[in-house]
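Structural features, examined
Each chain, letter by letter, is given below.
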Amino acid sequence: MRTRKIADSTVRRLAIYLRFLEEFERQGADTLSSEALAARAGTTSAQVRKDLSFFGSFGKRGLGYDVHALARQLRNILGLTRRYRVLLVGAGRLAGALTQYAEFGARGFDIVVVVDKDPAKIGMRWAELVIADVTDLENIVKRARIDIAILVTPAAPAQALVDRLVAAGVTAMLNFAPVQLHVPVGVDVKNVNLAVELETLSYAIQHRGSS
């Protein structure tokens, strides 16, 4: 695999390609053209070939891609051949919904700990999980061998929590808090802002049909 920096947009498309490849696997397909994969992913065959070319040579001209082999390669590229231990920071309703999202476990992401600062929530049981005290965050990270943290908190405490997570050794985070977080080099944060996503849909509705 090449060591050059790959754009996030490319990585996201690889994840989308993988989902469609797995769908084709379930349907019993053995080969697939770049055109068919592009049509399902909402892109072009040239973009599919370009995205894959960053990681090697896939498929044969006139024959297309081996569905099983390409799916296996994409799992390797995306790091989905191992399991990740995930910490949820915040025990609100969104966090509760995330713990019930079966796709996380299916893709190798196991939520193993939930922490919160609310004394009324600490000690509560969510299925197999017991909500822990955020004041013990650093010890929890080490004891539970956390790979990824998901922040589901208000904006105000998010940066201080991230600073503590970084100090404890967490280098990968998914952020639902509505705030821009600052992290050192070597730490990756992906932001999920639901309000922004809704605003893009509002724009699409407002300008639908305009040239």
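If you're wondering where the values come from, they're calculated on a predicted model, not measured in any experiment.

In this section: helix α1 (residues 8-26). Between the first and last C-alpha of α1 there are 28 Å, a value that for 19 residues agrees with the 27 Å anticipated at 1.5 Å per step. Of the residues making up α1, those classed as buried are Thr10, Leu14, Tyr17, Leu18, Phe20, Leu21, Glu22 and Phe24. Here the buried face of α1 lies against β1 (31-32), α2 (34-41), α3 (45-53) and α4 (67-77). Among the residues trailing α1, Gly28 stands out with phi positive, at a value near 90°.

In the structure shown here, the tally under the stated rule is 12 salt bridges. Across the salt bridge formed by Arg13 and Asp51, the nearest N and O atoms sit 2.7 Å from each other. Of this pair, Arg13 sits in helix α1 while Asp51 sits in helix α3; the two residues are 38 residues apart in sequence, bridging distant segments of the chain. Asp147 is the salt-bridge partner of Arg82, the closest N and O atoms lying 3.2 Å from each other. Of this pair, Arg82 sits in the loop between α4 and β3 (84-89) while Asp147 sits in the loop between α7 (137-144) and β7 (148-151); the two residues are 65 residues apart in sequence, bridging distant segments of the chain.

Between its first and last C-alpha, helix α9 (residues 194-206) extends 18 Å over 13 residues, near the 18 Å set by a 1.5 Å rise per residue. Its side-chain oxygen at 3.1 Å from the backbone nitrogen of Ala195, Asn193 defines the N-terminal cap of α9.

Bringing the nonpolar core into the picture now. Counting residues in hydrophobic clusters, the biggest one holds 24 residues, and the most contacted among them are Leu87, Val115, Leu137, Val141, Leu151, Leu165 and Met173. Residues in contact with Leu87, not counting those within four places in the same chain, are Val113, Val115, Leu137, Val141, Ile146, Ile148, Ala149, Ile150 and Leu165. Ile6, Leu14, Leu32 and Tyr65 belong to the second largest nonpolar core, which has 21 residues in total.

Attention now moves to the side chain of Glu22. Looking at the secondary structure, you find Glu22 in helix α1. Those residues in contact with Glu22 that lie beyond four places of it in its chain are Arg75 and Arg107.

Attention shifts here to the sheet that holds strand β4 (residues 109-116). An order of β5-β6-β4-β3-β7-β8-β9 is seen for the 7 strands of this open sheet, with the pairing classed as mixed. Where the open sheet ends on each side, the last strands, each with one partner, are β5 (125-126) and β9 (188-191). Two elements, β5 and strand β6 (residues 129-133), share 2 bridges in a ladder whose sense is antiparallel. Looking at β6, one finds that Trp126 is bridged to Leu129. Contacts from helix α8 (residues 155-167) reach β3, β7 and β8 (172-175) within the one sheet, and its direction differs from that of β7 by about 170°.

Attention shifts here to the pairing of β4. Regular strands show a simple pattern: their side chains alternate between the two faces of the sheet. The pairing of β3 with β4 spans 6 bridges and is classified as parallel. Residue pairing across strands places Tyr84 opposite Phe109, the latter belonging to β4. With 3 bridges joining them, β4 and β6 adopt parallel strand pairing. Bridge pairing in β6 places Asp116 opposite Asp133.

Further remarks concern the layout of surface pockets. Estimated volume of the largest pocket: approximately 1800 Å³. Of all the secondary structure elements, the ones that give two or more residues to the lining of the largest pocket are α1, β3, α6 (102-106), β4, β7, β8 and β9. Residue contributions to the lining of the largest pocket peak at 7 residues, all from α1. There is about 280 Å³ of room inside the second largest pocket.

So, on to the packing of α7 against α8. Axis separation between α7 and α8 bottoms out at 9 Å; the angle between their running directions is 45°. As judged from the angle between their axes, α7 and α8 are oblique. Crossing of α7 against α8: the hand is right-handed. Here α7 contributes Leu137, Glu138 and Val141 to the contact with α8, which in turn contributes Leu161, Arg164 and Leu165. Residues that form the contact of α7 with α8 fall into these classes: 4 nonpolar, no polar and 2 charged.

Attention now goes to the packing of aromatic side chains. Applying the stated rule across the entire model yields 2 aromatic pairs. Ring plane angle 85° and centroid distance 4.9 Å describe the contact between Tyr101 and Phe104, whose orientation is recorded as edge-to-face. Accessibility expressed as a relative area gives 46% for Tyr101, which makes it partly exposed.

What counts as what
- Residues numbered from 1 in each chain as written.
- Predicted model: local features only at pLDDT ≥ 70, side-chain atom pairs only at ≥ 80, totals over all residues.
- Heavy atoms only, no water.
- Helix = DSSP H or I, 4+ residues; strand = E, 2+ residues; numbered from the N terminus.
- Expected span 1.5 Å × (residues − 1).
- Buried < 20%, exposed > 50% of the residue type's maximum accessible area, 1.4 Å probe, protein only.
- Contact = heavy atoms within 4.5 Å.
- Salt bridge = Lys/Arg side-chain N within 4 Å of Asp/Glu carboxyl O.
- Polar contact = N/O pair within 3.5 Å; in protein donor to acceptor, adjacent residues only side chain to side chain.
- Core = buried A, V, L, I, M, F, W, Y, C linked by side-chain atoms within 4.5 Å.
- Pairing = 2+ DSSP bridges.
- Axes fitted to C-alpha atoms, helices over the stretch in contact; angles between N-to-C directions.
- 1 Å grid on protein atoms, 1.4 Å probe; cavity = no way out; pocket = protein on both sides within 12 Å on 5 of 7 lines; lining within 4 Å.
- Points joined across faces, edges and corners; volume = space filled by probe spheres on them.
- Parallel < 35°, antiparallel > 145°, perpendicular 65-115°, else oblique.
- Left-handed = near helix turned anticlockwise from the far one by under 90°.
- Nonpolar A, V, L, I, M, F, W, Y, C, P; charged D, E, K, R; others polar.
- Phe/Tyr/Trp six-rings, centres within 6.5 Å; stacked < 30°, edge-to-face > 60°.

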